[in-house]
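A structural walkthrough
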Amino acid sequence: MIWKLSLTGIKSRFKDYTVLFSGLVVASTIFYMFLSLAINPGFMSKDVNAPGQYLSFIFGFGIVLLAIITFVYLVYANSFLLSMRQHDYGMFMMLGAKSSKLGLLIFCETLLTGILAAILGIIVGLGLTALVSKLLISSLDLHITHFQIILPNAILWTLIFFVVVFFLAALRNVHKLVRSKVIDLLHESQKPIKISRKNGLRVVEAILGLLLLAAGYYIMGMPANAIFFIIPAALVTIVAGSYFTFDSFFTLIINLLLKKKGFAYRGIRVFTLGQLKFRIRDYTRILSVISLLFALALGAITVGLNFNSLKNQAVVSDYYDAQIVQNTPAVQKNVDKLDIKSKATYHYVETKKELFFNKADFDKKPFKYIKFSQHGNDFPTYTPAKTKDLVTPGNSANTRLSMMLLNGTKKIELVSPAEFNTIQRQKKFITLIRVKDFVKDYPTLTKIEKLQMTSPMISRVLSNTKPFTYQVVLGFASGFEFMGFFLGIAFLTMLASTLMFKVLSGAASDKVRYEMLYKIGTREKMLRKSIRNEIGVLFALPGALGIIDVLFGLRLFKALLPKPYMGIWLPFLIFIVLYFIYYIVTVKLYENIVLKK
């Protein structure tokens, strides 16, 4: 009989359960997507091509963070489930249902919901992981070839995590509902919220919150060599500052608006402000967490996108695009395919201690090397090398030319053509090529370098050329760009869903207030406007603070990325659009609950 009543209750609230179940599916989907990215062996070792200890730290921290976020999300999703069902359970107890039977029903219902959501989430996660990875790789022109969609370990750990979390949630539900009084279950949503009226303490807390945020933003602008101080100090100050700001600063603003009668008493703004004032204490922690997660998610996409600039750095890191030390027919065939901008050949002979170059070659085609600008120019300056620079050990020009030679450790000398011809040694050469479009000719340039690697010595020298440097940077940048977009969108979905369920979990108690306003003559259009404004503020506050956190936090990456703010409009646009979609969905779901006739 109880199971029949339970199924009838679920059927009557099918739309609400659909929202809940879809949210749980989203949570398990994102969890699987993250794990499939974090423990992808081929992707980590071959596509990202970064030091293993750094990746282990990054993803170890990321998995812990994701687990905490998912746990918080499931707590609010579970509270939404309780808010829908606790009145029904109270009615069952009034009708004489035994506590043991009802406890078993609650336990099975909660655990079964979680397991089904996890299984369906993994199935959806497989398809979504394949779709998102394909779209990102194609749209961003990334070189990702070892990313595996189906990972048994990721499936197993996703199931274990959700089964454990929902097992704990089921025990909590049993403890809370079975041991509660019937009157409490029937009227839980009508309990008043106590609001602190110590305005002086609120002012001090608000000022402290703003000062802590300012301190955190200042710390993130410190030199990168103090990174081990910056990260923990900024984390503590910004987390505490965000909490105090939400707990007091915005409450003070609401109080000020309520005192302005010309503003507050227009329409039903006083009701909307009152709703926000009563919510703010309950929402302080979740809004603080949402703002921090918003900053992390937006920062992940922004930083990931800016790793693309490392590829541009690799292109301008050297003046010459290829070097030839063995001009075989196969090499010459590929050289003919290039769109050559300039070509220079330098002849030399090698003795036991010295390398003698023909000075006439350098007079005809001066050797150029990069000169680092001290004024932060977008592009480096390539300087023609003087004779004294080429023969002076330790000079930038001498060092760069030595790196290109097979026996570059020997002393370099420039001699006249007549003196060069008198040296009875085997004549050797090095040809340096510069093309019009490096990215276009990159595959051919790489092939030219590989064809020459016929000995360990040649391989060691040519492995430092621009094509191979670009190949390493391309894999590294593509890997982190892929991770940034992947994780940023995943975190945004999770945090927005968490906020959505937090809002919806209080909708049952708000329904009575909106019914009262409707009965005394308030138009439905005005009620809908009040709902849009109220939920809009709850979405806008953490979003705005999160954006400010990102704008200051990107300064941490100046040592790694040349322009951390480059193209920042794109991730901001993506986030605003997705965030706005979640806002619209939340408003519609909330209206369906509180304005149901």
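Up top is the structure these notes are about.
Quick look at the structure, then. (Residues numbered from 1 in each chain as written. Predicted model: local features only at pLDDT ≥ 70, side-chain atom pairs only at ≥ 80, totals over all residues. Heavy atoms only, no water.)

1. Let's talk about the packing of aromatic side chains
We apply this condition: Between the rings of Phe, Tyr and Trp (Trp by its six-membered ring), a pair exists once the centres lie within 6.5 Å; its type follows the angle of the planes, with under 30 degrees stacked, over 60 edge-to-face, and the other angles tilted. Only DSSP runs of H or I with at least four residues qualify as helices, and only runs of E with at least two residues qualify as strands; both kinds are numbered from the N terminus onward. The rule is simple: take the accessible area with a 1.4 Å probe, protein chains only, and divide by the maximum for that residue type; under 20% is buried, over 50% is exposed, in between is partly exposed. Ring-over charges, as used throughout, are those where CZ of Arg or NZ of Lys falls within 6 Å of the ring centre and within 35 degrees of the ring normal.
What the rule picks out here adds up to 20 aromatic pairs. Pairing F161 with F162 gives two aromatic rings, centres 5.7 Å apart and planes at 80°, and the pair type is edge-to-face. Ring geometry for F438 and Y442: centres 6.2 Å apart, planes at 50°, overall tilted. Placement of both F438 and Y442 in helix α18 (residues 438-451) is noted, with a separation of 4 residues, approximately one turn of the helix. Here F438 and Y442 have matching classes, each one buried. One residue, R434, lies across the ring of Y319, its end atom 4.3 Å from the ring centre. The ring of Y382 carries R434 above its face, with NZ or CZ at 5.5 Å from the centroid.

2. Observations concerning the nonpolar core
As a reminder of what qualifies: Buried residues of nine kinds, namely Ala, Val, Leu, Ile, Met, Phe, Trp, Tyr and Cys, make up a nonpolar core once their side-chain atoms join them within 4.5 Å. It only takes one pair of heavy atoms within 4.5 Å for two residues to be counted as in contact.
Counting residues in each nonpolar core, the largest one holds 91 residues, and the members touching the most others are L495, Y514, I531, I535, Y579, Y590 and V594. No other element matches the 19 residues that helix α20 (residues 466-505) contributes to this core. Filtering out sequence-adjacent residues up to four positions away, I531 remains in contact with Y514, V587, Y590, E591, V594 and L595. With 23 residues, the next largest nonpolar core counts V325, L405, L414 and I430 among its residues.

3. What about the pairing of strand β3 (residues 354-358)?
The line we're drawing: Each pair of strands is called paired provided DSSP finds at least two bridges between the two strands.
Among the 5 residues of β3, 4 are classified as buried, and the element is accordingly described as predominantly covered. Examined bridge by bridge, strand β2 (residues 340-350) and β3 share 3 bridges and lie antiparallel to one another. Residue pairing for β3: E350 is matched across the bridge by L355. What sits between the antiparallel neighbours β2 and β3 is a turn of 3 residues. Bridge count for β3 against strand β6 (residues 411-415) is 5 bridges, and the pairing is parallel.

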